[in-house]
Amino acid sequence: MAKPEPGGLKALSALVATEPAVRTRLRLAALLGVLAGCAAVAGFVCAAYATGSLFTDDPSFPVMQTTGALAALLISFGARWLAEHVAHEASYDLEVALRRHLADALARMPLGEVQRLSSGRIKKIVQDDVKALHAAVADALPFVGSGITQPIAALLALGVVQWRLLLAVLVVVPVAMVCLALLTRDHAAQRARYNAANERVNAAVVEFVQGMPVVRTFDDGRASVGRFTSSVREFTAAVAAWIATSRASGVVNQLFVVPLPTLLVLVAASVPMRAAGWISTTDLLLALMIGAMPVEAVSPLMHLANLLNDAKAGAVRITELLHTPPLPEPEHPREPADSSVTLTDVTFRYPGERTEPALDGIDLHIPAGAVCALVGPSGSGKSTVARLIPRFFDVTAGSVRIGGVDVRDIRGDVLLRHVALVFQEPFLVAGTVEENVRLARPDATDAEVRAAAKAAAAHDFIVDELPDGYRTEVGERGSRLSGGQRQRITIARAILSDAPVVVLDEATAFADPESEAAIQEAVAGLTRGRTVLVIAHRLGTITDADHIAVLDAGRIVEQGRHAELLAANGRYARLWARHDRAADWGLARAGTTEGRAATTETEAAR
């Protein structure tokens, strides 16, 4: 057999060892499987002697042999059933425990690292790989007990009763072992290609379903369906390549790994032995009953080996995720003194990237209770700055402080209680409105939930427009609500958290005029009395900010208040001029020479 995937079996054993109760029950299942295999052979031995006694010169009903055969076969059946039952129950418990451990690992992992993992890969590990482990563990241990013990016991029994017939069986066994080696090879390259293609199919399905409104509006199907179809074709090709590698061994299996060749060899060998008086009728009957057991065990062993190969590959991926370094927690945690935010000489490069740093030498101070706006072109580093404050990533150099304390010296749960996040694209989990608001504080009372919704200008539409009020199901990702409604619920969630620092990716960027007014009212309720860092997309919304920082290519190129930056006639002034021209733009004007000239000027201002 080919060398198994490095560390695969060890990783599988280590995962089982994490649950001692599961490991104990699996050992019990293996012992029950051994009992089932031995009892089955004993039953056939008794049956052979019972049948053989009928061909003697003085035949009589073999009461003892028949009773022994029935008792042994019943014990074998009961032990096998109990082994499978115990193994499956233990395997289900292992499946639940592994998914809980994976969820805990994802929760402890840096948020930026979780975002970097594709949804297809996470789904593959948490769902498919854990399921593969369940299938292998539930079937392996009972079969190791019965499927391996039974053929060994059969060979021993045949050797004790009639060694000549054992030699005839052993002629076929090496052929079966060669077939088993061919059939159970672990094709690592094909398996890796299959797993990668499977991840791409999972990701393509998620993308296709989540992007359905855009697909139906802008795409005739060729692009989006084409990506999905391409992923399916790659997956099909990977499966076909894998099957092709085992086609020849499959033909060999159908020819030799069946009882008939062994039975033919036994019959052919028994004719001269019987003529010479070397074997009795009972010997021949016993050989015919148990002689083919070693060969019959090959096909189940092949199936088991394939399950184990899948499980080993999955165990490696599960182990890698479980051992992804968590966000380091401080040995001596400290509490922020206030809600001020300070970035000192911050340099940051995304993990695994060797390009220019996303941020380089950022110095920024936001006093407690102040509002600071970040502006700049796309890719300038605004979102990166915002994500370093709640510690999605740790900085490469420099420090990020809240209340005078480095965020790396604040416990993760304490930090997230101090920072509320409201992103441009609101996210709701499948559940009720009330459950989504209460995510911020699961122990919040109904009155507190409703007070937060009122402060976020969400209470009226929840009560007046939704069919079941706060108990209305929002659907997957909040699909049953409008964008403005989803945004106000996420703001209510942030208000309920009562965090003193708010990181706000401008919530009205894609809102319609009516929703924008309501969201602005909600944002006002959220930011009142708090330290706010807002990523500004509409410059008209930040003219009253206490501080504005202009980013470009990962550096702060200007800082100050709105009037000061306009007077400096620098980067911010050019952005403001572009904002003014964009505000005057209209469909009727866009087609005119003046409109085209304004567009050209806007592009030049970038």
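Residues numbered from 1 in each chain as written. Predicted model: local features only at pLDDT ≥ 70, side-chain atom pairs only at ≥ 80, totals over all residues. Heavy atoms only, no water.

1. Considerations on the packing of aromatic side chains
Right, so step 1: Under the criterion given, the structure shown has three aromatic pairs.
Right, so step 2: On the basis of an interplanar angle of 45° and a centroid distance of 5.3 Å, the ring pair of F348 and F393 is categorised as tilted. Taken together, the positions of F348 in strand β1 (residues 341-348) and F393 in the loop between α15 (382-388) and β4 (397-402) put the pair 45 residues apart, joining distant regions of the chain.
Right, so step 3: Residue classification places F348 among the buried positions, given a relative accessible area of 2%.
Right, so step 4: On the basis of an interplanar angle of 90° and a centroid distance of 5.4 Å, the ring pair of Y350 and F393 is categorised as edge-to-face. Within this pair, whereas Y350 is found in the loop between β1 and β2 (359-366), its partner F393 is found in the loop between α15 and β4, the two being separated by 43 residues in sequence.
Right, so step 5: For Y350, a relative accessible area of 26% gives the class partly exposed.
Right, so step 6: Among the residues examined, F393 registers a relative accessible area of 12% and is labelled buried.
Right, so step 7: Chaining the aromatic ring pairs together yields one cluster made of F348, Y350 and F393.
Right, so step 8: Over the ring of Y470 we find R450; its NZ or CZ atom is 4.2 Å from the centre of that ring. (Phe/Tyr/Trp six-rings, centres within 6.5 Å; stacked < 30°, edge-to-face > 60°. Helix = DSSP H or I, 4+ residues; strand = E, 2+ residues; numbered from the N terminus. Buried < 20%, exposed > 50% of the residue type's maximum accessible area, 1.4 Å probe, protein only. Lys NZ or Arg CZ within 6 Å of the ring centre and 35° of its normal.)

2. Describing the side chain of S91
Right, so step 1: Mapped onto the elements, S91 comes out in helix α3 (residues 63-108).
Right, so step 2: If near-sequence neighbours (up to four positions away) are discounted, S91 is found in contact with L133, H134, V137 and A138. (Contact = heavy atoms within 4.5 Å.)

3. As for the side chain of T347
Right, so step 1: Relative to the helices and strands, T347 resides in strand β1.
Right, so step 2: Polar contacts involving the side chain of T347 include one to the main-chain amide nitrogen of G361, which spans 3.4 Å. (Polar contact = N/O pair within 3.5 Å; in protein donor to acceptor, adjacent residues only side chain to side chain.)

4. Structural notes on the sheet that holds β2
Right, so step 1: Spatially, the four strands line up as an open sheet ordered β2-β1-β4-β5, and their pairing is antiparallel. Strands with a single pairing partner mark the edges of an open sheet, and in this sheet they are β2 and β5 (405-406).
Right, so step 2: Relative to β4, β1 runs antiparallel, the two sharing five bridges. Paired with V341 across the two strands is I402, which belongs to β4. (Pairing = 2+ DSSP bridges.)

5. Some details on a nonpolar patch on the surface
Right, so step 1: Nonpolar side chains collect at one region of the surface, where V144, I148, I152 and L156 lie side by side and expose about 340 Å² of accessible area between them.
Right, so step 2: Among the structural elements, L156 can be located in helix α5 (residues 119-161).
Right, so step 3: On the basis of relative accessible area, L156 is assigned to the exposed category, the value being 58%. (Patch = residues over 30% accessible without salt bridge, like charges linked within 9 Å, V, L, I, M, F, W, Y side chains within 5 Å. Areas by Shrake-Rupley, 256 points an atom, 1.4 Å probe, with all protein chains shown as cover. Salt bridge = Lys/Arg side-chain N within 4 Å of Asp/Glu carboxyl O.)

6. Some words on the nonpolar core
Right, so step 1: V375, V433, I462, I542, I548 and Y572 are the most contacted members of the largest nonpolar core, which has 40 residues in total.
Right, so step 2: With six residues, helix α20 (residues 483-497) is the largest single contributor of residues to this core.
Right, so step 3: Per-domain counts for this core show at least three residues from each of domain 2 (341-568) and domain 3 (570-606).
Right, so step 4: Not counting the four nearest positions on each side in its chain, I462 is found in contact with V433, A453, G469 and Y470. (Core = buried A, V, L, I, M, F, W, Y, C linked by side-chain atoms within 4.5 Å. Domains from an automatic or database assignment.)

7. So, unusual backbone geometry
Right, so step 1: The backbone of D345 shows a phi angle near 45°, a positive value even though the residue is not glycine.
Right, so step 2: Summarising the element assignment, D345 is placed in strand β1.
Right, so step 3: According to the relative accessible area criterion, D345 is partly exposed, its value standing at 45%.
Right, so step 4: Positive phi values are uncommon outside glycine, yet R391 reaches one of about 65°.
Right, so step 5: Note on placement: R391 falls in the loop between α15 and β4.
Right, so step 6: Taking relative accessible area as the criterion, R391 reaches 3% and is therefore assigned buried.

8. Digging into the pairing of strand β10 (residues 555-560)
Right, so step 1: Where strand β9 (residues 547-552) meets β10, five bridges bridge the pair, whose relative direction is antiparallel. Counterpart to A549 in the pairing with β10 is Q559.

9. Notes on the sheet that holds β9
Pairing between sheet strands relies on hydrogen bonds along the backbone, with the strands arranged either parallel or antiparallel.
Right, so step 1: With respect to topology, six strands assemble into an open sheet ordered β6-β7-β8-β3-β9-β10, the strand pairing being mixed. Here the strands that pair on one side only, and so sit at the sheet edges, are β6 (419-422) and β10. Ignoring strand direction, the axes of neighbouring strands in this sheet form an average angle of 20°.
Right, so step 2: Examined bridge by bridge, strand β3 (residues 371-375) and β9 share four bridges and lie parallel to one another. Across the sheet, residue C372 finds its bridge partner in β9, namely H547. (Axes fitted to C-alpha atoms, helices over the stretch in contact; angles between N-to-C directions.)

10. Re the confidence of the model for the protein
Right, so step 1: Per-chain confidence: the protein averages 78 in pLDDT, with 79% of residues scoring 70 or above.
Right, so step 2: Across residues 1-6, where pLDDT falls below 50, the model places 12 contacts with residues more than four positions away in sequence or in other chains.
Right, so step 3: Here residues 587-606 scores under 50 on pLDDT; set against residues more than four positions off or in separate chains, the count is 18 contacts. (pLDDT = per-residue confidence, 0-100.)

11. A look at the pattern of salt bridges
Any two side chains of opposite charge can pair, so long as their charged atoms come close to each other.
Right, so step 1: Scanning the entire structure with this criterion turns up 16 salt bridges.
Right, so step 2: Ionic pairing is found between D93 and R25, a salt bridge with its closest N-O pair at 2.5 Å. Residue D93 is found in helix α3, and its partner R25 is found in helix α2 (residues 20-52); the two are separated by 68 residues along the sequence.
Right, so step 3: Put simply, D413 and R417 hold a salt bridge, and the shortest N to O gap is 3.8 Å. Note that D413 and R417 are positioned in helix α16 (residues 412-418) at a spacing of four residues, about one turn of the helix.
Right, so step 4: Taking relative accessible area as the criterion, D413 reaches 36% and is therefore assigned partly exposed.
Right, so step 5: Here the salt bridges do not stand alone but share partners, grouping E434, R438, D446 and R450 into one network.

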